[in-house]
Amino acid sequence: MMSPQDKLETALGYRFSDKKFRDTALTHRSFSLSHYERLEFLGDSVLGLAVSTFLYRRFPELPEGDLSRLRAHLVREGSLHRIALSLDLGDCVYLGEGEQKSGGRERASILADSLEAIFAAIYLESGFQAASEVIERLFASTIAAIVPGQSLKDPKTRLQEWLQGQKLPLPTYQLMTTSGAAHAQLFFVSCAIEAPYSITSEGQGKSRRLAEQAAAEAALAILEKRP
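Thresholds, definitions, all that
Residues numbered from 1 in each chain as written. Predicted model: local features only at pLDDT ≥ 70, side-chain atom pairs only at ≥ 80, totals over all residues. Heavy atoms only, no water. 1 Å grid on protein atoms, 1.4 Å probe; cavity = no way out; pocket = protein on both sides within 12 Å on 5 of 7 lines; lining within 4 Å. Points joined across faces, edges and corners; volume = space filled by probe spheres on them. Helix = DSSP H or I, 4+ residues; strand = E, 2+ residues; numbered from the N terminus. Nonpolar A, V, L, I, M, F, W, Y, C, P; charged D, E, K, R; others polar. Pairing = 2+ DSSP bridges. Axes fitted to C-alpha atoms, helices over the stretch in contact; angles between N-to-C directions. Phe/Tyr/Trp six-rings, centres within 6.5 Å; stacked < 30°, edge-to-face > 60°. Lys NZ or Arg CZ within 6 Å of the ring centre and 35° of its normal. Salt bridge = Lys/Arg side-chain N within 4 Å of Asp/Glu carboxyl O. Buried < 20%, exposed > 50% of the residue type's maximum accessible area, 1.4 Å probe, protein only. Core = buried A, V, L, I, M, F, W, Y, C linked by side-chain atoms within 4.5 Å. Contact = heavy atoms within 4.5 Å. Polar contact = N/O pair within 3.5 Å; in protein donor to acceptor, adjacent residues only side chain to side chain.

Student: Quick question: what am I supposed to make of the layout of surface pockets here?
Tutor: Which parts of space are left empty comes out when a probe the size of a water molecule is rolled across the atoms. Its volume calculated, the largest pocket comes out at about 590 Å³. Along its surface, the largest pocket is lined by 22 residues, and R76, E77, Q204, G205 and A214 are the ones closest to its centre. Examining the composition of the lining of the largest pocket, we find that 5 residues originate from one element, helix α10 (residues 208-225), more than from any other. Taken together, the residues of the lining of the largest pocket sort by class into 8 nonpolar, 4 polar and 10 charged. In terms of lining, the second largest pocket is formed by 17 residues, of which the most central are E106, R107, A108, S201 and E202. Looking at which element gives the most residues to the lining of the second largest pocket, the answer is strand β3 (residues 199-205), with 5 residues.

Structure below.
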């Protein structure tokens, strides 16, 4: 019987020769001192270069500013979270007991960071071309759906319109906490959606507005997974 980690490799279309790369990319710091954070740092750059290349080639007429906005939309935490959920990445990550109990297997930040770490692990084992091919497969449908010149609605607007279309109450956002020095604060916000979905998601950002957008993106990702 295949393990969740082996199923993930099938979904990625890539087999790790050295499983240590894969397992480190799936390990949260709550589980082990050897965790994915260094890989995530590298994977962020691998992802950015791969997506930049796809956009540059696909939209030869778009100016730099438009390409930058599209890239930011594609590589944001919420987009990575949606892809991670489609891969059932939450079933694969190694978490400490506390993180498991607090919903870490669905937490946007953990899944997005682990996915970036996987991109780095592939890059280190097999080079940029291999990593780029995996990233291109995962982002293909999203990039194909882009219409140049069409405004990209932010997650809060998309969530609001979706709920209004279902004739459901709008979500409520609540500031949970902040951390860091005054000049470098991080805001942590929750987004609650009432029954029949009864979803609560979380987001973080360098401002309350950005944290709310991240929480809305996480809520959309969860809704897309439900029937």
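Student: So what exactly am I meant to see when it comes to the sheet that holds β3 here?
Tutor: Within a sheet, each strand pairs with its neighbour through backbone hydrogen bonds, oriented either parallel or antiparallel. Across the sheet, which stays open at both edges, the 3 strands sit in the order β1-β2-β3 with antiparallel pairing between neighbours. Strands with a single pairing partner mark the edges of an open sheet, and in this sheet they are β1 (172-179) and β3. Recorded for the sheet is a direction-independent mean angle of 20° between the axes of neighbouring strands. Relative to β3, strand β2 (residues 186-193) is paired through 7 bridges, and the arrangement is antiparallel. Note that in β3 the partner of A192 across the bridge is T200.

Student: Whenever I open this one, the packing of aromatic side chains confuses me. Can you help?
Tutor: Centre-to-centre distance and the angle between the planes together describe a pair of aromatic rings. Counted according to the given criterion, the structure contains 3 aromatic pairs. On the numbers, 5.5 Å between centres and 65° between planes, the contact of W162 with Y197 is edge-to-face. Separated by 35 residues along the polypeptide, W162 in helix α9 (residues 155-165) and Y197 in the loop between β2 and β3 bring together distant segments of the chain. Over the aromatic face of Y173 sits the side chain of K156, whose NZ or CZ is 4.6 Å from the ring centroid.

Student: What's the story with the pattern of salt bridges in this structure? I'm lost.
Tutor: Think of it this way: side chains of opposite charge can pair up when their charged atoms draw near. For the structure on display, the rule yields 15 salt bridges. When the shortest N-O distance is used, the salt bridge between D66 and R69 registers 2.5 Å. Taken as a pair, D66 and R69 lie in helix α4 (residues 64-75) at a separation of 3 residues, close to a single helical turn. Overall, the relative accessible area of 29% leaves D66 in the partly exposed class. According to the relative accessible area criterion, R69 is exposed, its value standing at 52%. Of the charged contacts, one joins E212 and K156 as a salt bridge, the two residues approaching to 2.8 Å between their closest N and O atoms. Separated by 56 residues along the polypeptide, E212 in helix α10 and K156 in helix α9 bring together distant segments of the chain. Linked by salt bridges that have partners in common, D6, E9, R15, K19, R22 and D23 make up one network.

Student: Explanation requested: the nonpolar core in the structure shown.
Tutor: Looking at soluble globular proteins, one finds that nonpolar side chains tend to be buried together. If you look at the biggest cluster of nonpolar residues, it comprises 47 residues, and the most contacted ones within it are L89, I118, I135, L138 and F139. The greatest single-element share of this core, amounting to 10 residues, is contributed by helix α7 (residues 108-126). Each residue touching I135, except ones within four places of it in the same chain, is listed here: V46, L47, A50, V51, F54 and F119. Core analysis: the next-biggest nonpolar cluster, separate from the first, contains 17 residues, L168, F187, A211 and A216 among them.

Student: Help me understand the side chain of E9, please; the structure alone is not making it clear to me.
Tutor: With respect to the secondary-structure elements, E9 resides in helix α1 (residues 4-12). Residue classification places E9 among the buried positions, given a relative accessible area of 1%. Side chain to side chain, E9 and K19 meet in a polar contact 3.0 Å long. With sequence-adjacent residues up to four places away left out, E9 is seen in contact with Y14, R15, F16, K19 and R22.

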